[in-house]
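Commentary on secondary and tertiary structure
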Amino acid sequence: MNKPKVAFICVHNSCRSQIVEALGKKLASDVFESYSAGTETKPCINQDAVRLMKKVHGIDMEAEGQHSKLLSDIPPVDVVITMGCNVRCPFLPCSLREDWGLEDPTGQTDEKFLETIRLVEQKILELKAK
């Protein structure tokens, strides 16, 4: 059986969508494949996200090969999850589309990042159950 492919999309693909991709792979790889991408890229993943994902989940996103990617860099997907960037996301064909409305923790405190990580954990598990 082919597992559904899920794309987690935000503008720069450097923080929230990277966290979601990593947690999707850790918590739901038995149910779906996780990808992240953006409409623009950044030279590297947000270093606070990298540091806190290592600390909380033992995931080294950079060592795992995660990097900022464009929509054209990922395969066709079945599900599109947008992060809530308050911009009009480009259309990607899919059978399910959701917006998770995640506030961008970039430039904020570690506690804000940790809140985002906890919320993402919950949302990944909810998506997995669907």
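Placed above this text is the structure.
This one's a predicted model, so the numbers in the text were calculated from it and none came from an experiment.

This part takes up the pairing of strand S2 (residues 33–38). Side-chain direction in a regular strand flips from residue to residue, so the side chains alternate between the two faces of the sheet. Burial runs high along S2: 5 of the 6 residues are buried. With 6 bridges joining them, strand S1 (residues 5–10) and S2 adopt parallel strand pairing. In the strand pairing of S2, Val6 is matched with Ser34. Where the polypeptide runs from S1 across helix H1 (residues 16–28) and back to S2, its parallel neighbour, the crossover connection is right-handed.

Counted by the stated rule, this structure contains 10 salt bridges. A salt bridge links Glu21 to Lys69, with the nearest nitrogen and oxygen atoms 3.3 Å apart. Of the two residues, Glu21 sits in helix H1 while Lys69 sits in the loop between helix H2 (47–57) and strand S3 (79–82), which places them 48 residues apart along the sequence. For Asp60, the salt bridge identified is with Lys54, shortest N-O distance 3.6 Å. Judged by its relative accessible area of 40%, Lys54 falls in the partly exposed class. The structure contains a network of salt bridges with shared partners spanning Glu21, Lys25 and Lys69.

Next up on the list: the layout of surface pockets. For the largest pocket, the calculated volume is near 190 Å³. Split into classes, the residues belonging to the lining of the largest pocket amount to 4 nonpolar, 5 polar and 3 charged.

What follows is about the nonpolar core. Core analysis: the biggest nonpolar cluster contains 27 residues, and Phe8 and Ile124 have the highest contact counts within it. Of all the secondary-structure elements, those providing two or more residues to this core are S1, H1, H2, S3 and helix H3 (110–129).

What follows deals with the side chain of Ser68. With respect to the element layout, Ser68 can be found in the loop between H2 and S3. What makes Ser68 buried here is its relative accessible area of 11%. Separated by 2.8 Å, the side chain of Ser68 and the backbone oxygen of His12 make a polar contact. Among the polar contacts listed, one links the side chain of Ser68 to the backbone nitrogen of Lys42, at a separation of 3.0 Å. Among all residues touching Ser68, those that are not within four sequence positions of it are His12, Asn13, Gln18, Glu40, Thr41 and Lys42.

The next point concerns the packing of aromatic side chains. A ring pair, where both rings are aromatic, is described by two values, the distance of the centres and the angle of the planes. Taken as a whole and judged by the stated rule, the model has 1 aromatic pair. Measuring from centroid to centroid gives 5.8 Å for Phe8 and Trp100, while their planes differ by 50°, and the two rings are tilted. Linking Phe8 in strand S1 with Trp100 in the loop between strand S4 (96–99) and H3, this pair joins segments that are 92 residues apart in sequence. In this structure Phe8 comes out as buried when scored by relative accessible area, which is 0%.

Here the focus is the environment of Lys26. As for its position among the elements, Lys26 is in helix H1. Accessibility expressed as a relative area gives 44% for Lys26, which makes it partly exposed. Sequence-wise, Lys26 and Arg97 are 71 residues apart; in three dimensions their C-alpha atoms are separated by 21 Å. Dropping the residues within four chain positions of it, Lys26 is found in contact with His57 and Ile59.

Each value, and the rule that gives it
- Residues numbered from 1 in each chain as written.
- Predicted model: local features only at pLDDT ≥ 70, side-chain atom pairs only at ≥ 80, totals over all residues.
- Heavy atoms only, no water.
- Buried < 20%, exposed > 50% of the residue type's maximum accessible area, 1.4 Å probe, protein only.
- Helix = DSSP H or I, 4+ residues; strand = E, 2+ residues; numbered from the N terminus.
- Pairing = 2+ DSSP bridges.
- Right-handed = clockwise from strand over helix to strand, strands pointing away.
- Salt bridge = Lys/Arg side-chain N within 4 Å of Asp/Glu carboxyl O.
- 1 Å grid on protein atoms, 1.4 Å probe; cavity = no way out; pocket = protein on both sides within 12 Å on 5 of 7 lines; lining within 4 Å.
- Points joined across faces, edges and corners; volume = space filled by probe spheres on them.
- Nonpolar A, V, L, I, M, F, W, Y, C, P; charged D, E, K, R; others polar.
- Core = buried A, V, L, I, M, F, W, Y, C linked by side-chain atoms within 4.5 Å.
- Polar contact = N/O pair within 3.5 Å; in protein donor to acceptor, adjacent residues only side chain to side chain.
- Contact = heavy atoms within 4.5 Å.
- Phe/Tyr/Trp six-rings, centres within 6.5 Å; stacked < 30°, edge-to-face > 60°.

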